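Each chain, letter by letter, is given below.
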Amino acid sequence: MHPTLRLLSFFCLIGTLVITCSPTSRTPAKNLSFAVLNVGQGLSQISITNDSAIVWDMGSASEWYRWYAGYLTLGSPPLQMIVLSHTDEDHRGGLSLLPELINFSGKVMVGYGADTALIRSEAGVWKNRIVFSVKGEDDSLCIDADVSVHFLWPPKEEIPENPLTSSEMKNRYSLCAQLRHKDCSVLITGDIDSIAMREIGKRKGYKITANILVVPHHGSSSALEPTFYGYSQPQWTIISCAPPPNEYGHPAQSVLDFLGALRYTTLSTFIHGSITFRSNGYYWERQ
């Protein structure tokens, strides 16, 4: 082949790849649903786009029946991916009971420093079929033409140990993300503490602005950082925990007082049950 033709063929191939991988070539989402499930003293969220779901944490094994009931209520969508913010049992335990017949791709996404060996060993019937991917600060995920995920935390270069072993460090370096559908967004925060919240605010500023904020660490007093809320400016805040009084003291009264003073609309799973919103790309509606 003539060198000029060979070069032209190369650029045509590159152009084809760019078009194929471009988010605009995917089917746009008419709606994005986001649910915080009532899983007692734990956390699980599900986002659904074009009848395909991403699960954000799975609650504990002891509350599996609650997770499954919530999943059925949402229509049992195929599970495109399970994202685990960190390896505390009340966030990953439900994976151990995920049935073999469920429509799940086997893809599990974790943050930097996650103990993937532990997750695999306790993944029940899925332990030999899991395919891991790792994300952290400034990584992104394109779900379709209108829906994307921007990961805010943790920073790869600052993980103190790999894998993370102490409960404090696992919480602090939870995978934290902003899920966006056009003009609508939600912050998914895992169990990050005030140190992580302050650092995220410092690094990202108003880029973390979101309509909905899942309050970190079940509303614990360790996750109260005013600057983080100042930058995020949510309309709704959601707390997932067991009914008080529970053994962890969640949610902390100081957090409830703070959110009330800012006049956010605060919803909690122990009062409202599973909480579902739907976005059309321009505004959220509670379902």
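Scroll up to find the structure this text is about.
Think of each chain on its own: its residues are numbered from 1, step by step along the sequence as written. pLDDT decides what is reported in this predicted model: residues at 70 or higher carry local features, side-chain atom pairs at 80 or more are listed and counted, and totals for whole chains, interfaces and linings draw on all residues regardless. The basis for the side-chain values is all heavy atoms of the structure; hydrogens and waters are excluded.

## Focus: the side chain of H250
Here a helix means four or more residues in a row that DSSP labels H or I, a strand means two or more in a row labelled E, and each is numbered from the N terminus. Relative to the assigned elements, H250 resides in the loop between β12 (236-239) and α8 (253-261). Each residue is placed in one exposure class: buried if its accessible area under a 1.4 Å probe, protein chains only, is under 20% of its type's maximum, exposed if it is over 50%, and partly exposed if it falls in between. On the basis of relative accessibility, which here comes to 7%, the residue H250 falls in the buried class. Think of a polar contact as two N or O atoms within 3.5 Å of one another; within protein, one of them needs to be a possible hydrogen donor and the other a possible acceptor, and neighboring residues in sequence only count if both atoms come from side chains. A polar contact of 3.0 Å, which involves the side chain of H250, links it to the side chain of Q41. In contact with H250, other than residues within four places in its own chain, are Q41, H217, H218, S220, C241, A242 and P244. Should any heavy atoms of two residues lie within 4.5 Å, those residues are considered in contact.

## A short note on the packing of aromatic side chains
The aromatic pairing rule takes the rings of Phe, Tyr and Trp, using the six-membered ring of Trp, and pairs them if the centres are within 6.5 Å, calling planes under 30 degrees apart stacked, those over 60 edge-to-face and the rest tilted. With the rule as written, the count across this model stands at 12 aromatic pairs. Each ring, one from W153 and one from Y173, has its centre 5.9 Å from the other, and the planes form 5°; the classification is stacked. Pair noted here: W153 is in strand β8 (residues 147-153) and Y173 is in the loop between α5 (167-172) and β9 (176-181), with a separation of 20 residues, a long-range link. Across this residue pair, the class does not change: W153 and Y173 are buried. Considering the side-chain rings of Y206 and Y231, the 4.9 Å spacing of their centres and the 80° angle between planes classify their relative orientation as edge-to-face. Placement of the pair is Y206 in the loop between α6 (194-204) and β11 (212-214) and Y231 in helix α7 (residues 226-232), with a sequence separation of 25 residues. Of the residues examined, Y206 reaches a relative accessible area of 54% and is grouped as exposed. By the ring-pair criterion, three or more aromatic residues cluster together here, those being W64, W67, Y68 and Y71. Placement of a charge over a ring requires the Lys NZ or Arg CZ to be within 6 Å of the ring centre, with the centre-to-atom vector within 35 degrees of the ring normal. Sitting above the plane of the W126 ring, R129 keeps its charged end 4.5 Å from the centroid.

## With respect to unusual backbone geometry
The linkage connecting P244 with the following residue, P245, adopts the cis geometry, with an omega of 0°. Tracing the chain through its elements places P245 in the loop between β12 and α8. One non-glycine residue, H218, lies in positive phi territory at about 60°. Tracing the backbone shows H218 in the loop between β11 and α7. Look at H218 and you get buried, because its relative accessible area is 4%.

## Quick look at the pattern of salt bridges
Note on definitions: salt bridges are taken to be side-chain nitrogens of Lys or Arg within 4 Å of carboxyl oxygens of Asp or Glu. By the definition in use, this model includes 13 salt bridges. Linking R92 and E122 is a salt bridge whose minimum nitrogen-to-oxygen distance equals 2.8 Å. Of this pair, R92 sits in helix α3 (residues 89-92) while E122 sits in the loop between α4 (116-121) and β6 (131-135), and the two are 30 residues apart along the sequence. Residue classification places R92 among the buried residues on the basis of a relative accessible area of 11%. Residue E122 is classed as partly exposed on the basis of its relative accessible area, which comes to 37%. A salt bridge links E100 to R129; the shortest N-O distance between them is 3.4 Å. Placement of the pair is E100 in the loop between α3 and β5 (107-111) and R129 in the loop between α4 and β6, with a sequence separation of 29 residues.

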